[in-house]
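Residues per chain are reported as follows:
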Amino acid sequence: MTCLDQIDGDNTCNDSYGENSSIINTYGDVVRPIVPDIIIWGLRMTLVFPVSCLFALFGFIANIINIIVFTKLGMKDPVNVSFLGLSISDCFVCFTRIWPDICIFPPLNQLDLPFDTDNINYLFFDWPHLAFNKITPAITAFITIERCLCVIYPLKIKELVTTTRVTIIIVFIYVLHIALVAPMFFVAYYDWVFFPKKNRTLYTIRFRKSRAKVTGPLYFILGVTLPLLAFTATIISTCVLVYSLNKNAKWRQKATGRSTQQSINSRPTSETSSSGSSSQNETSSRDTRVSNMVVMIAILYLITYFPSVISTSLIIILPEIKIGHSQENVVRLIYLHIYLLESINGFINIFIYHKMSTKYRSMFQQIFNCASIRLKLKTKSKTCQQ
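Just so you know, these numbers come straight off a predicted model, no measurement behind them. Each chain has its residues counted from 1, following the order in which its sequence is written. Selection of residues for local features in this predicted model requires a pLDDT of at least 70, selection of side-chain atom pairs for listing and counting requires 80 or more, and totals for whole chains, interfaces and linings are taken over all residues. Side-chain figures throughout are based on the complete set of non-hydrogen atoms in the structure, without hydrogens or water.

Help me get a handle on the overall build of the protein, residues and values and all.
Numbering of helices and strands runs from the N terminus, with a helix taken as a DSSP run of H or I at least four residues long and a strand as a DSSP run of E at least two residues long. Each helix and strand in the protein was counted, giving 10 helices and 4 strands. Seen in sequence order, the protein has helices and strands lined up from the N terminus as β-β-α-α-α-α-α-α-β-β-α-α-α-α. Counting all 386 residues of the protein, 44% fall into the buried class. Of the contacts formed within the protein by residues at least 6 apart in sequence, a portion of 78% connects residues at least 24 apart. Per-residue and other accessible areas were derived by the Shrake-Rupley procedure at a 1.4 Å probe size, with only the shown protein chains allowed to occlude residues. In the form shown here, the protein has an accessible surface area of approximately 20700 Å², with 67% of it arising from carbon and sulfur atoms. Accessibility here uses a 1.4 Å probe with only protein chains present; expressed as a share of the type maximum, an area under 20% marks a residue as buried, one over 50% as exposed, and anything in between as partly exposed. Only heavy atoms matter for contacts: two residues are in contact if any of them lie within 4.5 Å across the pair.

Below, the structure is given as structure tokens:
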């Protein structure tokens, strides 16, 4: 955690971790922290830098591959547009976690660096991360709703859901969330600040007096309202989608049994009717595969983002669980795991695409086969020259 969640109006950032000092609350009572500092320090040493940082790095690389594959597949299919938008968002979610995860590695605080490692990322990594971190749920909710309606009303929705309209919706989601983050660049700035515990002047973040008026509404909209709406919409549409897929599967089994019985009793009247029914079966099976893939992506999102939704609600309900309050380490503990889960979500998607999408798998193999052939040709040419 950084000074992103400090008390509004505070113009400086916390110096560094101290010992487990008690904090006096608003009633004058001495409150000891539930989570000691040594646990946060240990988790930063063992969980954040080696594990979370690596997942963020692998997730960044995996989503670059996803972007290349979906771009190669083309934008004629609205599904590819949606997954491309999701991959771009996941790519930036992972990218904006790599450097902050490195910066909160405790041994860095011991180095003679000219900037405050805990809070230098506030403006160019923390708030952009928050924006892309909320774009991912919004696009996931849109994909599940669109796929749910396609299964329930296949003929009507396919006429309405075009590539152009899906592109407009994805772009609108990006513009909305980035616009909500933009005001933070007007209330925060970087400056040299003296840190008494380190007895040094370091380059760090500072805030203007208007911060409280801006961050409060923005955090409520971007951090609470929009994620809750996306999470609720994803849960409902995923449940309806799973129910509809199971219902359609049972109906297809009955229809297949009837058709096989009819084919035994009577010969097909023409080749055109059989070819027409086979093409319909191919289309329905493709839609089913896409829907199953969407269900897997939605379930992965719900599992990995559920702690984030709960924690934001707790931070609002319980005033002591905030940075700068008596139980600030609880927030740090929660967010260390939240950041890890977000990186895992961005990393695992590539395996879902590769396993459940034949088009993605074939394009993936085609790209990497071409890359391996080029590499072999280069190595052969170098050996020949030698």
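Having seen the structure, we can now continue with the description.
Before we move on, can you summarise the nonpolar core with the specific residues and values?
Residues grouped as a nonpolar core are buried Ala, Val, Leu, Ile, Met, Phe, Trp, Tyr and Cys residues, joined through side-chain atoms within 4.5 Å. Among the nonpolar cores identified, the biggest contains 47 residues, and Phe83, Ile139, Ile143, Leu241, Ile297, Tyr353 and Tyr360 are the most heavily contacted of them. Listed by contribution, the elements that provide at least two residues to this core are α1 (37-73), α2 (78-103), α3 (122-152), α5 (163-181), α7 (211-265), α8 (271-317), α9 (328-356) and α10 (358-385). If sequence neighbours within four positions are ignored, isoleucine 143 has contacts with Ser82, Phe83, Leu86 and Val294. Membership of the second largest hydrophobic core comes to 17 residues, among which are Leu130, Val181, Met184 and Tyr190.

Can you tell me about the side chain of asparagine 80, naming the residues and giving the values?
Looking at the element boundaries, asparagine 80 is found in helix α2. Excluding residues that lie within four positions of it along the chain, asparagine 80 makes contacts with Phe70, Leu73, Gly74 and Met75.

Requested: an account of the pairing of strand β4 (residues 200-207), with residues and values cited.
Looking at chain direction, strand β3 (residues 188-195) and β4 are connected through 8 bridges and run antiparallel. Looking at β4, one finds that tyrosine 189 is bridged to arginine 206. Any two strands are treated as partners once DSSP identifies two or more bridges connecting them. Between the end of β3 and the start of β4, which pair antiparallel, lie 4 residues, with asparagine 199 showing a positive phi angle near 55°.

How would you sum up α3? Please name residues and give values.
Relative to the 45 Å expected for 31 residues at 1.5 Å per residue, α3 spans 44 Å between its end C-alpha atoms, a close match to the ideal helical length. Of all 31 residues in α3, 27 are buried; the element is thus mostly enclosed. Working rule for helices: expected span equals 1.5 Å times residues minus one.

Explain the confidence of the model for the protein to me, and be specific about the residues and the numbers.
Every residue gets a pLDDT, meaning the predictor's confidence in that residue, from 0 to 100. With 76% of its residues at a pLDDT of 70 or more, the protein shows a mean pLDDT of 78. Within the protein, the element-level pLDDT minimum falls on strand β1 (residues 23-24), averaging 46, and the maximum on α5, averaging 94.

Go over α9 with me, naming the residues and quoting the values.
With 29 residues, α9 extends 42 Å between its outermost C-alpha atoms, agreeing within 8% with the 42 Å of an ideal straight helix rising 1.5 Å per residue. Two axes enter the definition of the bend at a residue: one is fitted to the seven residues ending there, the other to the seven starting there, and the bend is the angle between them. Of all the bends in α9, the greatest, near 25°, is centred on isoleucine 348.

Any chance you could break down the packing of α2 against α3 for me, citing the residues and the numbers?
In this analysis, axes come from line fits to C-alpha atoms, helices being fitted only over the stretch in contact, and the angle between any two N-to-C directions falls in the range 0 to 180 degrees. It is at 9 Å that the axes of α2 and α3 come closest, and there the two elements cross at 155°. One way to sum up the angle between α2 and α3 is to call them roughly antiparallel. In this structure, the crossing between α2 and α3 has a hand that is left-handed. Any residue outside Ala, Val, Leu, Ile, Met, Phe, Trp, Tyr, Cys, Pro, Asp, Glu, Lys and Arg is labelled polar, Gly included; the first ten of those are nonpolar and the last four are charged. Classifying every residue of the contact of α2 with α3 by side-chain character gives 15 nonpolar, 8 polar and 4 charged. Oblique is the label for any angle not covered by the other classes, which are roughly parallel (under 35 degrees), roughly antiparallel (over 145) and roughly perpendicular (65 to 115). Should the near helix be turned counterclockwise from the far one by less than a right angle, the crossing is left-handed, whereas a clockwise turn marks it as right-handed.

Run through the pattern of salt bridges, naming residues and quoting values.
Salt bridges are identified by distance alone: a Lys or Arg side-chain nitrogen within 4 Å of an Asp or Glu carboxyl oxygen. Applying the stated criterion to the full structure yields 2 salt bridges. Across the pair arginine 97 and aspartate 101 runs a salt bridge, and its minimum N-O distance is 2.9 Å. With arginine 97 and aspartate 101 both in helix α2, this residue pair falls 4 residues apart, about one helical turn. For aspartate 101, a relative accessible area of 1% gives the class buried.

With reference to specific residues and values, describe the packing of α1 against α2.
Relative to each other, α1 and α2 sit at 155°, their axes nearing to 8 Å. Comparing the axis directions of α1 and α2 gives the class roughly antiparallel. For the crossing formed where α1 meets α2, the hand is left-handed. Its residues assigned to classes, the contact of α1 with α2 comprises 18 nonpolar, 7 polar and 3 charged.

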